[in-house]
Structures are given as structure tokens and as C-alpha cells.
Amino acid sequence: MTLPIGTYVVDTRTGRVGRFMGPTGPFVALRPVGGGREWECDPDEVRPATAAERISATTAYVNARSRGEVT
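Residues numbered from 1 in each chain as written. Predicted model: local features only at pLDDT ≥ 70, side-chain atom pairs only at ≥ 80, totals over all residues. Heavy atoms only, no water.

Overview of the overall build of the protein
And then number 1: Counting its regular elements, the protein contains 1 helix and 5 strands.
And then number 2: Traced from its N-terminal end to its C-terminal end, the protein shows the element sequence β-β-β-β-β-α.
And then number 3: Relative to a compact globule of 71 residues, whose C-alpha radius of gyration would be 11 Å, the protein shows 12 Å and is just as compact.
And then number 4: Oriented by its inertia axes, the alpha-carbon framework of the protein measures out at about 35 × 25 × 20 Å.
And then number 5: The 71 residues of the protein split such that 30% are buried.
And then number 6: Counting only contacts in the protein whose residues sit at least 6 apart along the sequence, the fraction spanning at least 24 positions is 35%.
And then number 7: In the structure as shown, the protein presents an accessible area of about 4,600 Å², 54% of it carried by carbon and sulfur atoms. (Helix = DSSP H or I, 4+ residues; strand = E, 2+ residues; numbered from the N terminus. Rg over C-alpha atoms; globule rule 2.2 N^0.38 Å. Buried < 20%, exposed > 50% of the residue type's maximum accessible area, 1.4 Å probe, protein only. Contact = heavy atoms within 4.5 Å. Areas by Shrake-Rupley, 256 points an atom, 1.4 Å probe, with all protein chains shown as cover.)

Looking at the layout of surface pockets
And then number 1: A volume near 170 Å³ is recorded for the largest pocket.
And then number 2: If you go around the largest pocket, the residues you meet are Arg 16, Val 17, Pro 32, Val 33, Gly 34, Gly 35, Ala 57, Ala 60, Tyr 61 and Thr 71.
And then number 3: Looking at the lining of the largest pocket, the elements with two or more residues in it are strand S2 (16–24) and helix H1 (51–66).
And then number 4: Looking at which element gives the most residues to the lining of the largest pocket, the answer is H1, with 3 residues. (1 Å grid on protein atoms, 1.4 Å probe; cavity = no way out; pocket = protein on both sides within 12 Å on 5 of 7 lines; lining within 4 Å. Points joined across faces, edges and corners; volume = space filled by probe spheres on them.)

A look at the packing of aromatic side chains
And then number 1: According to the stated counting rule, one finds 0 aromatic pairs in the structure shown.
And then number 2: One residue, Arg 16, lies across the ring of Trp 39, its end atom 3.7 Å from the ring centre. (Phe/Tyr/Trp six-rings, centres within 6.5 Å; stacked < 30°, edge-to-face > 60°. Lys NZ or Arg CZ within 6 Å of the ring centre and 35° of its normal.)

Remarks on the environment of Pro 26
And then number 1: Here Pro 26 shows up in the loop between S2 and strand S3 (27–32).
And then number 2: Measuring from C-alpha to C-alpha, the distance between Pro 26 and Ala 64 comes to 33 Å, with 38 residues separating the pair along the chain.

Okay, here's the thing in C-alpha cells:
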């Protein structure tokens, strides 16, 4: 699967939503919504996020930031 960098995707192993950052060897790199440390995932276990998943992940990040839980 080839996706544009920055596409919102879901790691189907964990259900985490992240942004596609590109291939890293046999894996793909994903970055959490709002930034942070990237994680690697098998390309076969990644799918594009739905609009609802993207909005939910962004809302969760914004709410955590407003509570001071993330910077």
C-alpha cells in the first residue's frame, strides 16, 4: 500500500490512530496525532482512518492538551 505522507491511518493491531510518515525498511513509520514519538508497524496491519476515527483521535488529543496532560 502506498499512501501520501501525513495520511491518517489506523494500526489495526492496537487500534491507534496516527499519521503515515513513510517506509522504514520492511515497516512503516506512524506518528501519533498531535506529534510525539513514532512507532513502526507492519504495512499489512495499517489501513486508512475513517473521518470519524480521525476526528475522535484529534478531539482526544485536544482535550488532553487542555487538561495539561500533553504539551
